[in-house]
Structures are given as C-alpha cells and as structure tokens.
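Structural description and commentary
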Amino acid sequence: MYKTKSLITVLSAFILTLGNFGLAQHVNAQSWPTKPVKFIVPYPPGGGTDVIARIVQEPMSQALGQQIIIENRGGAGGSVGTALAAQAPADGYTVLFTLSSHTINPAIYPKLAFDTEKDFLPVSLVASLPQILVANPNFPVKSVKDVIELAKAKPGEIPYASVGNGSPGHFAGSMMAGSAGVKMIHIPYKGGGPAVTDTIGGQVPLLWVSIPAAATFVKSGKLKALAVSTVNRSPLFPDVPTMAELGFKDFEVDSWYAMFVPAKTPKPIIETLYKAAIKALDQPGIKDKLMAQGAVAVGSTPAQLGETVSKELVKWRQVAKEAGIQM
C-alpha cells in the first residue's frame with residue numbers, strides 16, 4: 001500500500017511538472033519577444049534577398065517592439081545559412097529569411113544538412129518578383145536571340161552567372177539553354193551582390209538574378225536587361241520582354257521571398273511573426289519601396305506558404321530531372 005501511494009505521489013509530481021513546463025512555454029510564447037530577433041539571410045549583402053529583408057526590417061521591428069538584426073550567411077546556394085537556421089533554438093529569436101531556392105535545393109543536392117519541410121515551419125510570404133537576364137553593356141548582344149545565336153556559334157563557351165547552384169537564376173539559365181538546345185557554362189556565385197559586381201566589371205558577360213539586385217544598375221546603364229522569367233512583364237521594366245513572349249514555351253521562374261522558423265517553434269510565436277509581417281507590408285511606403293525593386297508585396301498565412309512549399313518541391317524535382325541538374 002505504501003509503495004502504491006509513493007508511486008502515485010511521484011506520478012502526480014511528474015504530471016504537475018509537465019503541466020508547469022507547458023504553462024511556462026505558453027507564457028513565454030505569449031510574452032515573446034523580449035529581446036532582439038535575428039534574421040538569417042543565407043546570401044551575402046547586396047543581393048535580392050538581402051535587399052528585400054532590409055526593406056521590411058524596420059517596419060517589422062516596430063510591429064514586434066524589438067530590434068531585428070540581419071545576419072548574412074551565404075554559401076552553397078543558400079544551404080549554409082539555411083542549415084544554421086535549422087539548428088537554431090525553436091524560440092522564435094532566429095528567423096530564416098530566404099529565397100525560393102529553399103524549394104529548389106532539395107531537388108538538386110543529394111544530401112542537405114536539413115529537411116526543408118521537417119526542419120522548418122512556414123511564417124509568411126513577403127514578396128514575389130521575376131528573375132532578370134542582364135548583360136555587361138560591352139557584351140555584343142542586344143537580345144536573348146543574340147545570346148542563343150552566339151551560344152550556337154560557340155557551344156559550351158558562353159557563360160552565365162547566378163547567385164549560386166540551385167538558385168532560381170541557375171534554373172532560369174538552364175531552362176533557357178535547354179529550351180534553345182545550346183550548351184552554356186553556369187558560373188555560381190555566393191550571392192547577388194558579388195555576381196552583379198563581376199557582371200558590371202566584365203568578369204562574366206551574362207547574369208540571371210533577382211530584379212532587386214540589378215534594378216539600380218539597369219537604370220543607370222551599367223547593365224542591360226534582356227528578359228524576365230515570369231509570365232507577366234515586370235512593372236519596373238515594362239519594356240523588357242518575358243521569356244514566354246520570346247518563344248520559350250511554359251517558361252516561368254517566379255522568385256519569392258519568405259520567412260521560416262525552426263520546427264517546434266510555438267504556434268503563438270509564429271502567429272505573432274506572421275501578423276508583424278502583414279502589418280509591416282501595410283505600412284505607408286513599404287509596398288512602394290518593394291515595387292521600386294521590382295517586387296510585389298505578397299503577405300500570406302503560414303498555411304498558404306506551406307502549400308507553396310509543398311507544390312514547388314514537386315515542381316522543381318521534375319524540372320531538375322528533365323534538365324539533368326544535380327550538384
């Protein structure tokens with residue numbers, strides 16, 4: 001009888017402890033955030049992902065009542081920074097602010113240090129925009145047609161750059177070459193900033209990159225725009241044709257920017273982050289700032305972002321298989 005009572009006492013204490021732990025977690029989630037929040041941007045400064053993150057940084061800081069710190073951790077098409085985010089504590093203080101390569105990398109890397117769906121929970125889409133094909137002004141082409149003719153004349157000699165292996169720009173370039181039946185050399189960089197710098201400098205003649213990374217330089221004449229990757233033209237560059245308009249059937253690479261948190265992050269924290277993102281996008285001037293970069297403010301629920309991730313994981317695996325893209 002004594003042993004039975006002791007066992008009941010121990011079990012009761014254990015259950016009470018679990019309850020208190022759950023209550024503590026709930027209280028912590030409700031009072032979150034109480035310190036600065038870190039955005040891991042898995043690309044170097046100056047690239048499209050970095051530009052978009054910094055546009056929403058201040059209004060989201062205001063919405064959360066805490067400072068947001070951006071930490072750029074580029075490498076391996078975004079995989080290096082993404083792996084760091086996956087390993088971070090699931091307390092809401094580390095947020096992955098990334099590009100749509102988040103759903104491309106699993107299709108081309110045989111081994112990743114994280115699982116795109118299992119290790120992350122979606123927060124919200126932030127913005128969407130095309131990839132843009134730009135050229136060094138001294139490169140002797142005026143159109144995509146010229147690029148293809150040059151690639152046919154010099155098979156395997158014409159290079160194009162992107163922000164990294166598995167990036168939307170990598171896929172856009174591969175789809176362009178594959179559809180035209182030509183061989184081109186892919187030059188992966190560690191982000192949009194370095195890739196743009198080298199294209200301007202002439203180290204590489206062509207670049208597929210997100211519009212925010214190239215917009216200022218196209219407008220100043222330091223780069224010339226040849227095409228965009230989406231079905232519709234960019235409002236920022238209405239005179240630049242889409243690849244579909246140029247005869248590339250079913251050509252669509254839509255770059256999006258979104259926020260994710262490590263798996264097991266409490267739902268109340270995700271909800272707070274999501275609401276802060278929506279509030280930030282509704283702030284006066286933010287949509288205009290995004291549009292100035294060629295980006296359209298999106299904003300989505302965590303569930304909507306989750307659906308996007310699931311669909312694109314299937315889509316890009318198919319495209320990678322058909323194009324023979326694998327790291």
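What you are looking at is a predicted structure, and each value in this text was computed from that prediction instead of being measured.

Here is what the cut-offs are and how they apply
Residues numbered from 1 in each chain as written. Predicted model: local features only at pLDDT ≥ 70, side-chain atom pairs only at ≥ 80, totals over all residues. Heavy atoms only, no water. Core = buried A, V, L, I, M, F, W, Y, C linked by side-chain atoms within 4.5 Å. Buried < 20%, exposed > 50% of the residue type's maximum accessible area, 1.4 Å probe, protein only. Helix = DSSP H or I, 4+ residues; strand = E, 2+ residues; numbered from the N terminus. Contact = heavy atoms within 4.5 Å. pLDDT = per-residue confidence, 0-100. Polar contact = N/O pair within 3.5 Å; in protein donor to acceptor, adjacent residues only side chain to side chain. Pairing = 2+ DSSP bridges.

1. Concerning the nonpolar core
Phe39, Ile52, Met60, Phe97 and Met259 are the most contacted members of the largest nonpolar core, which totals 56 residues. Element by element, the count of residues in this core is highest for helix H9 (residues 267–281), at 8 residues. If near-sequence neighbours (up to four positions away) are discounted, Phe39 is found in contact with Met60, Ile68, Ile69, Ile70, Glu71, Val95, Phe97 and Met259.

2. A closer look at the confidence of the model for the protein
Across the protein, the average pLDDT comes to 90, with 91% of residues at 70 or higher. Note that residues 18–27 has pLDDT below 50 and, in this model, 0 contacts with residues that lie over four places away or in other chains.

3. Side note on the environment of Glu245
Its location among the elements puts Glu245 in the loop between strand S8 (224–228) and strand S9 (254–262). Placed 12 residues apart in sequence, Glu245 and Arg233 show a C-alpha to C-alpha distance of 9.5 Å. Among the polar contacts made by the side chain of Glu245, one reaches the side chain of Arg233 at a distance of 2.9 Å. A polar contact is formed between the side chain of Glu245 and the backbone nitrogen of Thr242, at a distance of 2.9 Å.

4. Topic: the pairing of strand S4 (residues 120–135)
Across the 16 residues of S4, 15 count as buried, placing the element largely inside the fold. Looking at chain direction, S4 and S9 are connected through 9 bridges and run antiparallel. When the bridges of S9 are listed, Leu125 appears paired with Ala258. Note: S4 against strand S10 (residues 296–297), 2 bridges, orientation antiparallel. The residue bridging Ser128 from the neighbouring strand is Val296, located in S10. Both S4 and strand S7 (residues 206–210) contribute to a ladder of 5 bridges, which runs antiparallel. Its bridge partner lying in S7, Ile132 is registered against Val209. Here S4 pairs with S8 via 4 bridges, running antiparallel. Note that in S8 the partner of Val134 across the bridge is Ala225.

5. Notes on the side chain of Ser162
Here Ser162 is to be found in strand S5 (residues 159–162). Residue classification places Ser162 among the buried positions, given a relative accessible area of 0%. Here the side chain of Ser162 touches Ser167 through a polar contact of 3.2 Å, side chain to side chain. Beyond its immediate chain neighbours, meaning those up to four positions away, Ser162 contacts Ser167, Gly169, His170, His186, Ile187, Pro188, Tyr189, Ala195, Leu207 and Trp208.

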